[in-house]
Amino acid sequence: MAKSKFEYVREFEADDTCLRNCWVVIRLDGRNFHRFSEQHNFSKPNDARALHLMNRCAQNVMQELEDILLAYGQSDEYSFVFHKKSNWFKRRASKFITHVASQFASSFVFYWKDYFAEQPLLYPPGFDGRAVLYPSDQNLKDYLSWRQADCHINNLYNTVFWSLVQEGGLTPSQAQERLRGTVAADKNEIMFSEFNINYNNEPLMYRKGTLLLWQKVNEVTMKKIKMPQEAEEKEVQVTRSRSQTVPLHCDIIGELFWEEHPELLSDTS
Ligand code: DGT
Ligand code: MG
Ligand code: MG
Ligand code: MG
Ligand code: MG
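In this report, the structure presented in the accompanying data block is examined. (Residues numbered from 1 in each chain as written. Chains lettered and ligands numbered in written order. Predicted model: local features only at pLDDT ≥ 70, side-chain atom pairs only at ≥ 80, totals over all residues. Heavy atoms only, no water.)

Describing the site of ligand 1
- In the vicinity of ligand 1 there are 15 residues, among which D29, N32, F33, H34 and D47 approach most closely.
- In this structure, an oxygen atom belonging to ligand 1 sits 2.7 Å away from a main-chain N or O atom of N32.
- For ligand 1, a nitrogen atom lies 3.1 Å from a polar atom in the backbone of S43.
- Here ligand 1 occupies the largest pocket.
- Of all elements in the fold, only β1 (23-30) and α1 (33-39) reach the threshold of two or more residues within the shell around ligand 1. (Near = heavy atom within 4 Å. Polar contact = N/O pair within 3.5 Å; in protein donor to acceptor, adjacent residues only side chain to side chain. 1 Å grid on protein atoms, 1.4 Å probe; cavity = no way out; pocket = protein on both sides within 12 Å on 5 of 7 lines; lining within 4 Å. Sits in = over half its atoms within 2 Å of the grid points. Helix = DSSP H or I, 4+ residues; strand = E, 2+ residues; numbered from the N terminus.)

Regarding the coordination of the magnesium ion (ligand 3)
- Binding of the magnesium ion (ligand 3) to the protein goes through D29 (OD), G30 (O) and D76 (OD), at separations of 2.0 to 2.2 Å.
- Classification of the site at the magnesium ion (ligand 3) rests on its 6 donor atoms, whose angles at the metal span 80 to 179°, yielding the label octahedral.
- Site description for the magnesium ion (ligand 3): donor spacing in sequence, D-G-x45-D.
- Between the two metal centres, the magnesium ion (ligand 3) and the magnesium ion (ligand 2), the spacing is 4.4 Å. Of the two residues, D29 is situated in strand β1 and D76 in the loop between β2 (68-74) and β3 (77-82); the sequence distance between them amounts to 47 residues.
- Its relative accessible area of 22% is what places D29 among the partly exposed residues. (Donors = N, O, S within 2.8 Å, 3.2 Å for Na, K, Ca; no water. Tetrahedral: all angles 85-135°; square planar, octahedral: opposite > 155°, others 65-115°. Buried < 20%, exposed > 50% of the residue type's maximum accessible area, 1.4 Å probe, protein only.)

Side note on the side chain of N155
- Structurally, N155 is set in helix α4 (residues 137-166).
- Classification of N155 by relative accessible area gives buried; the value is 5%.

Notes on the coordination of the magnesium ion (ligand 4)
- Bound to the magnesium ion (ligand 4) are the protein donor atoms D29 (OD) and D76 (OD), situated 2.1 to 2.2 Å from the metal.
- Classification of D76 by relative accessible area gives buried; the value is 14%.

Remarks on the nonpolar core
- One finds I26, Y78, F80, F82, V100, F104 and F108 to be the most contacted residues of the largest nonpolar core, which totals 34 residues.
- For this core, the secondary-structure elements that each account for two or more residues are β1, α1, α2 (48-64), β2, β3 and α3 (93-115).
- It is α3 that provides the largest number of residues to this core, a total of 10 residues.
- Ignoring any residue separated from it by four or fewer positions in sequence, one finds I26 in contact with Y78, S79, F80, F82, F96, I97, V100, R130 and A131.
- Within the second largest apolar cluster, 18 residues are counted, among which are V81, Y143, F257 and W258. (Core = buried A, V, L, I, M, F, W, Y, C linked by side-chain atoms within 4.5 Å. Contact = heavy atoms within 4.5 Å.)

What to know about the packing of α2 against α3
- Two elements in contact, α2 and α3, have axes whose closest approach is 8 Å; the angle formed by their N-to-C orientations is 135°. Viewed along their axes, α2 and α3 adopt a mutual orientation that is oblique. In this structure, α2 meets α3 at a crossing whose hand is right-handed. On the side of α2, the interface is formed by R49, H52, L53, M54, R56, C57, A58, N60, V61 and E64, while α3 contributes V100, Q103, F104, S107, F108, Y111, W112 and Y115.
- Of the residues that constitute the contact of α2 with α3, the class distribution is 11 nonpolar, 4 polar and 3 charged. (Axes fitted to C-alpha atoms, helices over the stretch in contact; angles between N-to-C directions. Parallel < 35°, antiparallel > 145°, perpendicular 65-115°, else oblique. Left-handed = near helix turned anticlockwise from the far one by under 90°. Nonpolar A, V, L, I, M, F, W, Y, C, P; charged D, E, K, R; others polar.)

Here is the structure:
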């Protein structure tokens, strides 16, 4: 077919192919969730409904899109790791980012009522997205460690901060002042001696975030079949292997996790 004279405008499209053999990480983050969490009465410091909704959206992203090895989420953010050999949309960064962000955002609205039955969604939320390439396995491990360390540091601070405010009766600025210059041990001590909170007993999802991995499950169903020689239909058991995503709230900073999951970084997974 003859090309129109307008065809040349295609040449203005920038090449955003992700370098081959690199892990492609897409990280989303809720836009202005400071306000969004206030307006939707999220409990502080953690709202289990909100975190479970985020996990549900990430599971939908993994199921609907191609080539995602794992995902890790905490607070209002989620990171998706694409296989380093992925050739999905010819590795175009804009395709990765926009598909992940739009699938996640529409899921957030779609599943909202399953988690917030009593709380109407007041306005359409948005998520920003970025792509980062990591050339080595160690870089990828360090990236995930960085996000989980961020989760830990923020959650430790927020847990003691909101204890001081909600139970200790301090104003937010007094609580902030009280915590100025404290290290982790000091924060643990304040929680333990003043509020009887053993931080290590706080829910794992709050302390570690959520890792989503693929798991094979056997699905057993009954199927009616008609044998050629027999008049009656017979019910038989059919077992099918299916992949599903499972949420884990484990440590991913230490080497143990990677030793227990050698398939994740191997080329064949
Ligand atoms: P941004 O990302 O630059 O558009 O702005 P924000 O406001 O989303 O800032 P960000 O992403 O650095 O911080 C996340 C905000 O979301 C932070 O204000 C706390 C809030 N948030 C996230 N998860 C929860 C939760 O479970 N409970 C409550 N109360 N707030 C949460
Ligand atoms: Mg931000
Ligand atoms: Mg945000
Ligand atoms: Mg954030
Ligand atoms: Mg199209």
